[in-house]
Every structure is written in C-alpha cells, then in structure tokens.
Amino acid sequence: MKILIINSGSSSIKFQLMDMPSETLICSGLVERIGYQFATINYKTGKTTIQHTHNIENHKQGLRKVVDLLLDKENGVIAKTDEIEVVGHRVVHGGNSFSDTTLITSEVKAKIQQYAALAPLHNPGNLEGILVAEEIFPSAKQVAIFDTAFHQTIPEKAKKYAIPNALYEEHGIQVYGFHGTSHQYVSEKAIAYLKPKATKIITIHLGNGCSMTAVKDGKSIDHTLGFTPSNGLIMGSRSGDIDHAIIFHLVNNLNYTLDEVKTLLTNKSGMLGLTGHMDLRDIQAEAEKGDKDCILALTMNAYRIKKYIGSYAAAMNGLDAIIFTAGIGENSSVIRKMVCEDMDFFGIILDEAKNELRSEGLREINTASSKVKVLVIPTNEELEIAKQAFELLS
Ligand code: AMP
C-alpha cells in the first residue's frame with residue numbers, strides 16, 4: 001500500500017511516499033516558502049535529488065508541483081495518481097476529540113477548524129493540506145494523525161490547571177500535549193528494545209520545539225508542553241516555563257502590547273533570546289570559544305531537562321530509561337552529557353565514550369552499571385504516521 005504522508009504548515013509542505021507494511025521510503029521532499037516569490041521544492045528518491053525554484057502562490061499549486069515530480073517520466077516514482085491509496089496528514093491539534101488516528105470526514109475537518117483557535121500557527125495549514133489533497137487524490141483515503149492524540153491518556157491530576165473548573169469544563173483549557181507521534185514512536189521502539197523491563201520511560205524530544213513525556217506502561221501520563229506548545233523546556237525561540245505574572249508586568253509597567261509579549265515569548269526568547277543564536281550548533285561553537293552567554297544558556301537548557309527528569313521519576317515512582325530524540329537529542333553529545341551529569345542519585349550514569357559515538361539507529365549510551373538505560377533513538381514521525389494510517393485501514 002502506497003501512503004503519501006503530508007505535513008502541511010502555513011507556508012510549507014513536507015512529504016514522504018512510503019510503501020507499507022514494508023516501511024520502504026520511496027521518496028521524500030519539502031516545498032518551502034509557499035506564497036513567496038521564490039518558493040523551493042526539494043525532492044529526493046533513492047536515485048536522484050532535485051531542487052527547483054518556482055513561483056508557488058498557494059498549497060494547491062505546491063502539491064500539484066509535488067505530483068508532477070512523482071509522475072515525472074525520468075525521475076518519478078508512480079505512473080498515475082491513484083496508485084496512492086492513502087494520504088496521511090499530520091494535524092497538530094485534535095483537542096479532546098481524537099485519541100486515535102481517524103479517517104477524515106466533514107465532521108473531522110470541522111473539528112480541525114474549530115481547534116485552529118488553539119493552534120493558530122499549525123491547524124489552518126494542516127487543514128489546507130487536507131482540502132488540497134482531497135482534490136488532487138480523489139480516490140485516496142484521507143487519514144488524520146493528531147499530535148495531541150498520544151497524550152489523551154494524561155490523567156486529570158496532570159492535565160488540569162488550578163484555575164476555576166468552568167474554564168476546563170466549558171472552554172477546554174487544559175494540557176493537551178504535542179509532538180505525540182514522536183514520543184509514541186520512540187517510546188514504542190524503546191519498549192521493544194528493553195523488553196520486558198521498560199514500564200517507566202521518559203522521552204526527551206529536543207528539536208526546534210522541545211518537550212518531554214512521562215510514559216508509563218506505554219501511555220503518556222504527563223508532558224511538558226501544555227495548552228499550547230509554549231510550556232516546559234527552553235526551546236529555540238520559545239521561553240518554556242515562566243512566571244505568568246511577567247506578562248502582566250510587561251504589559252502594565254513596560255508598555256508592551258499583548259501581541260508584542262506573544263512575539264517576545266514565542267519568537268525572541270529561548271536559546272535565541274539568551275544567546276542571539278537559535279541553532280544549537282552555533283551556540284555550542286560559541287560556547288567552545290568561551291562565550292559566557294552561550295555557556296550559561298546550555299547550562300540552563302540542560303538544568304531544565306534535569307528538573308523534569310526528577311519530576312517525572314517522582315510521578316512514576318521510578319525510572320527504567322530516558323530517551324533522547326530529534327535534532328538536538330540525536331546529535332548533541334554536549335547536551336546529553338550535561339543532562340546526565342550528577343544524576344547517579346536517579347541511577348543514570350552516562351558512558352562518555354559511547355555518548356560521543358555516531359551511528360544511524362538506536363544506541364545505548366549508559367554504562368553497564370547504570371540502573372537507568374540512556375538511549376538515543378532517531379525519531380521518525382512520518383513513519384509513525386504511515387504505520388498508524390496502515391493499521392487503521394488494514
Ligand atoms: P528538529 O526540529 O528535530 O529538526 O531539530 C532542529 C535543531 O536540531 C536545529 O535547530 C539544531 O539546533 C539542532 N541540531 C541539528 N543537528 C545538530 C548537531 N549536529 N549538533 C547539535 N544540534 C543539532
């Protein structure tokens with residue numbers, strides 16, 4: 001079964017074509033800067049890599065360009081569009097309506113639209129991708145995979161905020177959680193690898209967005225992102241946890257507008273706000289040269305992760321494994337080392353040599369005496385989406 005996985009953002013479409021159940025990647029690519037004059041398309045198969053620049057006005061034009069490449073006589077991978085039986089869409093916010101992957105109907109689209117109020121940067125682009133794919137692949141089944149779904153198992157004691165109940169009951173103000181496909185994918189990999197002893201796991205997704213999940217018996221029971229993807233860890237340009245009274249102070253005493261506060265905390269804070277750089281590679285390079293802001297920012301970043309490890313070990317009354325994943329988690333031995341330093345109280349002892357080694361798949365980087373396993377597992381959200389879509393339809 002050929003499944004096209006689409007991750008449609010406000011100005012981009014990431015795509016992968018996969019054959020299931022063999023999990024064979026047929027091609028992948030990215031359309032960027034949709035709506036701008038010089039949009040780019042990257043397209044990669046086992047045989048070729050192509051980059052084009054076009055004037056792409058909207059998602060429909062973008063997806064059409066992708067289809068042209070898929071069908072291309074020389075570099076294409078399919079002969080006709082109806083070879084694609086399923087289109088799997090990543091949708092960021094499914095509120096409390098979806099705890100599983102679901103076939104897309106008009107009711108499902110209405111819900112995705114409704115939750116755009118809670119994820120204004122993501123859900124509108126996700127919905128646009130669905131509408132365009134329905135037009136271009138009319139015979140394919142359209143399936144939605146929600147980032148929030150994996151976290152629907154978080155119990156009330158962890159998902160409710162201590163604000164008046166009506167805001168939870170009538171307005172859905174609660175923890176929803178994000179990066180669900182990534183946390184699910186790596187926790188399932190870890191459970192399979194560590195069988196039979198992996199009931200208490202912490203997954204640490206460190207990319208541009210960062211989050212941690214406490215996974216007990218395979219289920220998410222707590223998570224650092226909350227009502228929106230802003231809470232918890234220090235991210236590329238998002239602050240993570242702050243005292244909310246800072247917002248009132250900025251508005252009431254420092255003359256910020258609410259929009260300016262939002263931009264400050266979402267786009268100008270985090271590692272960017274602390275160092276002037278967003279990419280961790282740049283920050284590590286500056287830290288190595290002795291830049292004090294960069295050294296402190298790395299230390300703060302790791303310290304925040306450590307605090308949540310302690311908190312989730314307490315929540316689960318124990319810990320079998322911690323998993324590092326995503327761009328930073330998979331590649332930054334520096335952050336992994338800083339997080340695992342002085343954690344022997346929790347039974348975490350890093351093997352520093354193994355931490356420095358590079359390899360493609362799952363890696364165990366703890367010492368033999370470490371009670372807690374420390375794993376690096378490359379995430380693969382697209383594969384998780386394909387697996388879930390395949391399971392739903394077979
Ligand atoms: P993601 O959102 O998972 O694609 O992660 C993107 C982030 O991963 C980038 O912004 C970098 O900060 C970080 N990253 C990627 N490669 C490396 C590397 N080799 N060392 C440190 N950080 C990296």
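Predicted model only: the values in this text are computed from it and were never measured. Along each chain, the written sequence defines residue order, and numbers are assigned to residues from 1. Reporting in this predicted model follows two pLDDT cut-offs: at least 70 for local features of residues, and 80 or more for side-chain atom pairs to be given and counted; totals over whole chains, interfaces and linings ignore these cut-offs and use all residues. No hydrogens and no water enter the side-chain calculation; it runs on all heavy atoms of the structure.

Caption draft 1: The overall build of the chain, seen in detail. Secondary structure is summarised from DSSP: a helix means a run of H or I of at least four residues, a strand means a run of E of at least two, and numbering begins at the N terminus for each. When you go through the chain residue by residue, the secondary structure sums to 15 helices and 14 strands. The quantity called the radius of gyration is restricted to C-alpha atoms. Its globule counterpart is 2.2 Å times the number of residues to the power 0.38. Here the C-alpha atoms of the chain give a radius of gyration of 21 Å, agreeing with the 21 Å that 2.2 N^0.38 yields for 394 residues. On the principal axes, the C-alpha backbone points of the chain span a range of 60 × 55 × 45 Å. In the chain, buried positions account for 50% of the 394 residues. Only heavy atoms enter the contact rule, under which two residues are in contact if any of them lie within 4.5 Å. Looking at the chain alone, contacts between residues at least 24 apart form 61% of all its contacts between residues at least 6 apart. Calculation of accessible area relied on Shrake-Rupley with a 1.4 Å probe; when residues are assessed, cover is drawn exclusively from the protein chains displayed. Split by element, the accessible area of the chain, about 18,700 Å² in all, is 51% carbon and sulfur. The charge count treats Lys and Arg as positive and Asp and Glu as negative. His and the chain ends do not count. Lys charges are placed at NZ, Arg charges at CZ, Asp charges at CG and Glu charges at CD. Averaging the locations of the 40 positively and 46 negatively charged side chains of the chain gives two centres separated by 2 Å. Classification of residues uses two cut-offs on accessible area relative to the type maximum, computed with a 1.4 Å probe and protein chains only: under 20% is buried, over 50% is exposed, and between them is partly exposed.

Caption draft 2: A look at helix α3 (residues 123–136). Every helix has an expected span of 1.5 Å times one less than the residues it contains. With 14 residues, α3 ought to run about 20 Å at 1.5 Å a step, and its terminal C-alpha atoms sit 20 Å apart, in line with that. Buried residues of α3: Asn123, Gly125, Asn126, Leu127, Gly129, Ile130, Val132, Ala133 and Ile136, and no others. Where α3 is buried, its residues contact β1 (2–8), α1 (59–71), β6 (84–91), α2 (106–114) and β8 (141–146).

Caption draft 3: Spatial organisation of the packing of α1 against α3. Angular values range over 0 to 180 degrees, each being the angle between N-to-C directions of two axes fitted as lines to C-alpha atoms, with helices fitted over their stretch in contact. As a packed pair, α1 and α3 sit with axes 9 Å apart at the nearest point and diverge in direction by 55°. The angle between α1 and α3 places the two elements in the oblique class. In the crossing of α1 with α3, the sense of the turn from one axis to the other is right-handed. Contact residues: His59, Lys60, Leu63, Arg64 and Val67 in α1; Gly125, Glu128, Val132, Ala133, Glu135 and Ile136 in α3. Note on angle classes: values under 35 degrees are labelled roughly parallel, values over 145 roughly antiparallel, values of 65 to 115 roughly perpendicular, and the remainder oblique. Each crossing gets its handedness from the near helix: less than a right angle anticlockwise from the far helix is left-handed, clockwise is right-handed.

Caption draft 4: Structural view of the sheet that holds strand β12 (residues 321–325). Read across the sheet, 6 strands follow the order β11-β10-β9-β12-β14-β13 without closing on themselves; strand pairing throughout is mixed. In this open sheet, the two strands that pair with only one neighbour each are β11 (219–223) and β13 (363–364). Here 5 bridges tie strand β9 (residues 200–206) to β12, and the two strands are oriented parallel to one another. Within β12, the residue paired with His205 across the bridge is Thr325. Pairing between strands requires that DSSP locate at least two bridges from one strand to the other.

Caption draft 5: Layout of the site of the ligand. It suffices for a single heavy atom of a residue to lie within 4 Å of a molecule or strand for the residue to be listed as near it. What surrounds the ligand is the set Gly207, Asn208, Asp279, Leu280, Arg281, Ala326, Gly327, Ile328, Asn331, Ser332 and Arg358. Separating an oxygen atom of the ligand from a side-chain N or O atom of Asp279 is a distance of 3.3 Å. Polar contacts, as used here, are pairs of N or O atoms within 3.5 Å; protein pairs need one atom able to donate a hydrogen and one able to accept it. Residues neighboring in sequence count only if both atoms are side-chain atoms. Within the backbone of Gly327, an N or O atom sits 2.9 Å from an oxygen atom of the ligand. Taking 500 Å² as the accessible area of the ligand by itself, protein coverage stands at 73%. When contributions to the shell around the ligand are tallied by element, the ones reaching two or more residues are α10 (280–288) and α12 (326–331). In terms of residue count, the dominant contributor to the shell around the ligand is α12 (4 residues).

Caption draft 6: Broad picture of the sheet that holds strand β2 (residues 13–19). In space, the 8 strands of this open sheet follow the order β5-β4-β3-β2-β1-β6-β8-β7, with mixed pairing throughout. Only two strands of the sheet have a single partner each, and these edge strands are β5 (49–54) and β7 (102–103). Relative to β6, β1 runs parallel, the two sharing 5 bridges. Residue pairing across strands places Ile5 opposite Gly88, the latter belonging to β6. Contacts from α3 reach β1, β6 and β8 within the one sheet, and its direction differs from that of β6 by about 170°.

Caption draft 7: Expanded view of the nonpolar core. Ile309 and Ile322 are the most contacted members of the largest nonpolar core, which totals 42 residues. Elements supplying a minimum of two residues to this core: β9, β10 (210–216), α10, α11 (292–316), β12, α13 (333–340) and β14 (373–376). Considering every element that reaches this core, the biggest residue donor is α11, with 10 residues. Listed in part, the 26 residues of the second largest apolar core include Phe15, Ile50, Leu70 and Ile136. Only buried residues count toward a nonpolar core. Its members are Ala, Val, Leu, Ile, Met, Phe, Trp, Tyr and Cys residues joined through side-chain atoms within 4.5 Å.

By themselves these figures say nothing about function.
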